[in-house]
Every structure is written in structure tokens, then in C-alpha cells.
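A structural walkthrough
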Amino acid sequence: MSVSGIRSEIKQISSRNVSYQIDLMEWSKKMDLIAISTKGDIIIHRFKWQKVWTFPAPSDNLVPRTIAWRNDEKLIAVGYNNGLVVLLDIENKEEIYSFHLNCDITCMIWTNCRKPIINSDNKQNQSCQDHSSFLPKYPSLSLLSSTTKKTDYNTLKFYSKDTMNILVTALTNASVNLSIFGMITCANLDLLKFFPHEESIEIQDLLMSDSLKQLFVVVKMRHTSHVLIFENDMLFKYSVSLLKIATQHGLIKNNLCYIHDTIQVITEAWETILLEMDNKLIKFADSQSTGSLSADFLELLMFGYPPTTALYTFLTKDLTEKGLKKLANSIELSYSTIQKLVIKPLTTSVMNVLYHLSTLKGMNKTKYFYAILLNENVDNAVSSAGSLLIKTNELQQTIETSMRDYKIFFRWLYAVIVRLMDESVPDDIAAVRQQEINYLAEFLKQLDGINEKIDNEDVLRRKFNLERVGQYLEDKNLVFPIADDCPKSWSFLLKTNDCLKNCPFMFPHDKELSLVQQFKKLSEKIEAAFNHLQIGISKNFELCYHIESPVTDILHTNFEISSTSIYIDTENVVLFVVLDSKKELTFFEIDRSFCVKSVKVTLQGSFLFQHIKFYNENTISILLTDNNPSEKTTQFLQFPVIKLRETALIYSNGDAMRIVNLFEIVDESMMKQIDGIYGIKIAVSGPRKVSSILSDTKKSIKIFEMEIDEDEEDLLETSSHNASTEVFQNI
């Protein structure tokens, strides 16, 4: 047994060389799982290295920069070099949420509020009850399309009802992003504004207190390490309000995701409608040097016989009676599918998002709780949701009109083709009412439609206005907006009544916009509605303490893996260990009254620091290398924190910091030599009693069981041999 009761015994349980590079590794603290990054992929392994799942990079050239386990370890966050942050479900690697930040990511951590912030006695909780359980559930889209990612849009299983957690992400532009549940940004902190004379600031590590009041950041400026302590009481003061807003954000985002996927399914159904008919008409029109298709069909309607031989051949040879029947049935089925999707999934989800936005609007009226977090952008989002609901009703009306016109058109064409084939026309087909003739004439009059460019080229192709539904599914203005000529219609009443026209409670009707455009507009309005809450909170961050750690060993400051580690113990004392160079580290202890103690630990001889991590509040894991020219070795040390706390002296900027040699406070015999590897990086988990060491080639890794009891050694001798054969077999 070593100093202060810390076990120095470790037992290797696996070792493996691989053919690719391992970039990151992070142990879970509650489960026997480790996350590693290799070739852009994120891989989860069990304790004995059985692979659980692999999540490939979302696109080419994306490199994971950091991995963070959420405190409950239901989610894992992955930050990429382009600023993308992806949240993955540990159970099935499902992508729960993703968002983009504006530059590369350096480090990322989760923090969890120490206790529930909402209880049954909370008045705000009672006045803001959730009635979303009474809303209709979404029908599954997975049976209708294979492209939908999510399987369940009805739950918020990764949102807590009473406890808030925050994902804190540091970026290379010296800014820090804070997002509640990792899904809604609540603050952006720009460190450069606190140091206007600094050109660059490199964030090395950060941590937030479980009271949500302090943010601790370790940065490098001009080859000097600095510890920054920021305070912000708004996160704690408005924690209940923020939790409520975050919950509404989750509900609304689920709705938006469902609407997006529903539109995709509708588009897939629509794409099969008129492809064959459109191709036939284009082929026929291109064969004609003069005239228009619309004029030919109108003349056929008037006189009952094709005006040209080409049209006669087209009807009898290209379309044919059987082909027309098959085409008519296919189009009717497709329209019926689209109509069902618009009536149930689409309209239901739009009404649900309107409900949740209206709830957010009601919260905004409670100025005492939400005045600094929400503003009039919420009203704009509600108005935009109402416009989308109107647009879905407009699309439904267009579908009904198109179905009516198509049935008349195909029934008339069928009668013409049968008559041209000298066969008798059934009475139910031959009977056409005058109103149907008017509809048919209007349909044929607009048949020629427009021409469109092919892939931004100068070549134009014929495009026929066979139906009006497809224009709603494109990201551009409607070519044929819906006409409303009825003098007694609601829109006519609004136009002629300024009082109603200017009423803020009337949802605007953007007749020129497509469904896709209206949905994109709603998404932008919702984004703006939630963006306001980060403005006030970001301004409230104050730099309350700044500690500079002078580097005495300039020679060894530049090395590939610089390392820091932060820990908050049970007494809320913050412990910092900063690896200033390969020859020295600095330890800081800061209590709640900002009394700072520090000590600088140096190495003599050929030993070099490589990496450090807090194993738990009592132990720091230190990876060292011995660069003795005769034999380079790797050493692993479980360093007792108590020794540093006993050695540290009260410190303020400008004071001479106490400097001690590592082996003055610990026995060199406590170091354990690790054979067969030259290590550069470690990953540890005190709760799981496990450590791992990565080699300098990043292609070799060793796993160790920590705190071994003597009666466990025989068991591990057997299990380690079996485990080592399973490592990375399936990668």
C-alpha cells in the first residue's frame, strides 16, 4: 500500500497493436465502456474490448476533436473539426441531435446541476403545466419511407423534467458555447473581449461547477498558462425558466424534424405521379415543329377528332386504352397517398408545433420569469406557424382540385381513344356534365405551361403544367399560385377590411411561397425565437479571478500533447493541474472564497511529463517517460493529491511560486514501469478503476485494472489472457 492509502498496484488486462491511428479515448465513469476515435469513426467498446457499435464520420474529411460522456451516460457528444457537434444514443448509436458551431473545437465537457431545480411546491411549475400529452401522437413514417432517421418523435427521453445539465464546448477562436441538454444554446462567451491585447488564446480545458454559477477555464497565452474563473448567477437564478424553455425547444424541434421528414415522404410519393405521362407529352411535343399541345387538345375537345395525324397516333399508339387506364390508376393512387399524408401527419404536426409555440408565447407574457430570456421573436414564430398551417390547407385544396381535373381528363381521353378505335363508349364514361367540360377546358388551356433551364445551361426543355402539387415541394416561389376570385371568400373580406387586415392575431397568407419555403421560414423564425435567451446570459459572465502560471522551463513548452485536468471535490474546492511543459506541472487549489494555493512540481534528470488526468479527488494519474539514451521507458504514477495540497502555499499573481521536485514529495518506487510501449496519452476512470495508455505511434494501447487486491490477482491472470485476444477483432 502506498502513501495516503492509495493503491499503487495495477494489473494489465489487455494489450493490442492495430493498423490504424487511435486519436481519442474516453472511459465511461458509470459503465464498463470506452469510446475511441479512429479514422474519423467513433467506436464504443466494453471493458473487455468487445465492440458495441461504430458511428462513421457524417462526411468526408471530418475528424473528431473531442468526446464527452453525459453525466447520466445515456448520451455521448462528439465534436468535429468543422464545428459540428453530434449527440449519440449510447444504446443504439442513433443521432439524437446535431448542431454547428462556427469553427474548430478544442475540448468539451458536460456538467450536471447538483440537485433537482423543479419540485411539486414550485409555483412556476404549477403555473406552467405541460398539456402536450393530450396532443395527437404522430403516426410512424418508417413504414412509408426508408430515408427517415428517427423512429419515435413523441418522446423527450433525453430531457430531464427536474434537473438541468449543460454541454460546454470550447472553440479555437477562444469562445465557449453553453447548451442546455446539449440541444439549445443558452450562452456564448468570447474570451478575447476580456483580453483585448491578446491576439490568440488557446483553451486547453474547462469545467463548470454543479451550482452552474462558476465556469473554470485553463488557457494558454504567449506560452504561459492561465486559470480563468468566470461567474454568472443567471444560469442558477433562471434555472427553472431555462429548463422550461429547453423542454419547449425539445418538443418544437421534434415537431420540426417530423414535418421535415413528412415533406420528404410526400416528395417521394409525388415524384412517381406524372413521370411517365410527362415524358410521353414531351416526346410528342418535340416531334411537332409548330403549334401547341394545348391548342391541339382544345380542338380535340371542341370537334371530337384529332386535328393532326400526329395527335391521332399519339393517342392510339403511345397512350392506348390499357396504358391510359394503368396510368390513371397509378396517378389516383399517388394522389390519394399524398392526400393522406397531408391530412394526417403533416397537418397534425403543424398544429402541434403551433400549440407548443403558443405555449412559449404564453410563457413570454410572464415577464417576471422570462422577460430576459424571450422577446417578440416568439410572436413572429407563432405567426409563421399559422402561415404554414394555412399553406398545408392550401396544398390540400390544390390536391383535391388536381384529383378532380385528372379524373375528368383521363375519363375524357379514355372516351376519345375508345371512339377512335371504333368501339362503343360505356354510358358512364360518355356522360359528361357541362361543369366538368368547363373544368376540362380550363385544364387543357393551361397545359403547355412553361419552359425551364436544364442544370443552369442555356438549353430549355418543355415542362407541362399537368398538375399543381409538385410546385409546393420545391424550394422556390409557386409558378401558379392558387387563385381566389370568389367575392365572398375570407381573403376577399380581409382585403376589403383594414381592421381585420392589420389585426396582429390574423395569420398572414403568403400565396407566393411554396410549402418548402414556408417551412424554411418557420424554422428560421423558431431559431430566432430561441436565440434571444443567450444574449442576456452571455452578457452576465464576469471574469472574477485570473491566475497566471509562469513557465520556468521554456525549452520544453512546445510539445504535441499539452494537458490540463480540473476537478471539484466534495467540499466544492476546485483543483487544477496544468502541465506547463514536459519538465513541470502546476497545481492550484481554489476554495469558495477564492483563496488560491499553488505549487510547481518539476522533474530532474531524463524523466519527462507526458499526460495527466484526475483519477478521482484523491489521486492524479501521471504518465511519464524516461528518455535515457540507453533505454527509453514509460512510467505510470498514481499521485496522491494530499501531498500537493500539503505542499502548496497561498499564491497571487506576481508572487514567487513554490517549486519542488516530484521525488521530494513522493517515493520514486511508486512509479510503475510499463513495458512494451512508449506512452504519450492516458484515459482513466476512478469509479470504474481502469486506466489505458496510448503509444506514441497511436497504434498500440494497453488497458490496466487499477487498485488490485491480492485475492483478485489469480482471477485477473486468467481473464486478462482471454480478454487480450478479443481486442479490436471486429474493427
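Keep in mind the model is a prediction, meaning the values are calculated, not measured. (Residues numbered from 1 in each chain as written. Predicted model: local features only at pLDDT ≥ 70, side-chain atom pairs only at ≥ 80, totals over all residues. Heavy atoms only, no water.)

Some words on the overall build of the protein
In terms of helices and strands, the protein carries 18 helices and 32 strands. Counting only residues that meet the buried cut, the protein has 52% of its 731 residues in that class. Residue pairs at least 24 apart in sequence account for 65% of intrachain contacts in the protein once pairs closer than 6 positions are excluded. (Helix = DSSP H or I, 4+ residues; strand = E, 2+ residues; numbered from the N terminus. Buried < 20%, exposed > 50% of the residue type's maximum accessible area, 1.4 Å probe, protein only. Contact = heavy atoms within 4.5 Å.)

Describing empty space enclosed by the protein
Considering all chains together, one arrives at one cavity of 30 Å³ or more under this definition. Of the pockets and cavities examined, the largest cavity occupies roughly 40 Å³. Lining the largest cavity, in full, are V577, L585, V601, I620, I622, F639, L644 and L662. Per-class residue counts for the lining of the largest cavity are eight nonpolar, no polar and no charged. (1 Å grid on protein atoms, 1.4 Å probe; cavity = no way out; pocket = protein on both sides within 12 Å on 5 of 7 lines; lining within 4 Å. Points joined across faces, edges and corners; volume = space filled by probe spheres on them. Nonpolar A, V, L, I, M, F, W, Y, C, P; charged D, E, K, R; others polar.)

Looking at the confidence of the model for the protein
Low pLDDT means the predicted coordinates in that region are not meant to be read closely. Mean pLDDT for the protein: 82, with 84% of residues reaching 70 or above. The low-confidence segment residues 453-462, where pLDDT is below 50, has 17 contacts with residues more than four positions distant or belonging to other chains. (pLDDT = per-residue confidence, 0-100.)

Looking at the sheet that holds strand β24 (residues 607-616)
What links the strands of a sheet is backbone hydrogen bonding, and the strands pair in either a parallel or an antiparallel sense. Within the open sheet, the four strands sit side by side as β24-β25-β26-β29. Their pairing is antiparallel. A single partner strand is all that each edge strand has here, and the edge strands are β24 and β29 (672-674). Direction aside, neighbouring strands of the sheet carry axes that sit 25° apart on average. Note: strand β26 (residues 633-640) against β29, three bridges, orientation antiparallel. Paired with T634 across the strands is I674, a residue of β29. (Pairing = 2+ DSSP bridges. Axes fitted to C-alpha atoms, helices over the stretch in contact; angles between N-to-C directions.)

As for the packing of helix α7 (residues 321-365) against helix α9 (residues 377-420)
Remark: α7 packs on α9, axes separated minimally by 9 Å, with the N-to-C direction vectors making an angle of 170°. Classed by the angle they form, the pair α7 and α9 counts as roughly antiparallel. Of the residues contributing to the contact of α7 with α9, the split by class is 30 nonpolar, seven polar and seven charged. (Parallel < 35°, antiparallel > 145°, perpendicular 65-115°, else oblique.)

Describing the sheet that holds strand β10 (residues 105-112)
Spatially, four strands are ordered β10-β11-β12-β13 in an open sheet, and the strand pairing comes out antiparallel. What marks the edges here is a single partner per strand, and that holds for β10 and β13 (184-190). Direction aside, neighbouring strands of the sheet carry axes that sit 20° apart on average. Here strand β11 (residues 165-171) pairs with strand β12 (residues 175-180) via five bridges, running antiparallel. Within the sheet, the bridge partner assigned to L167 lies in β12 and is S179.

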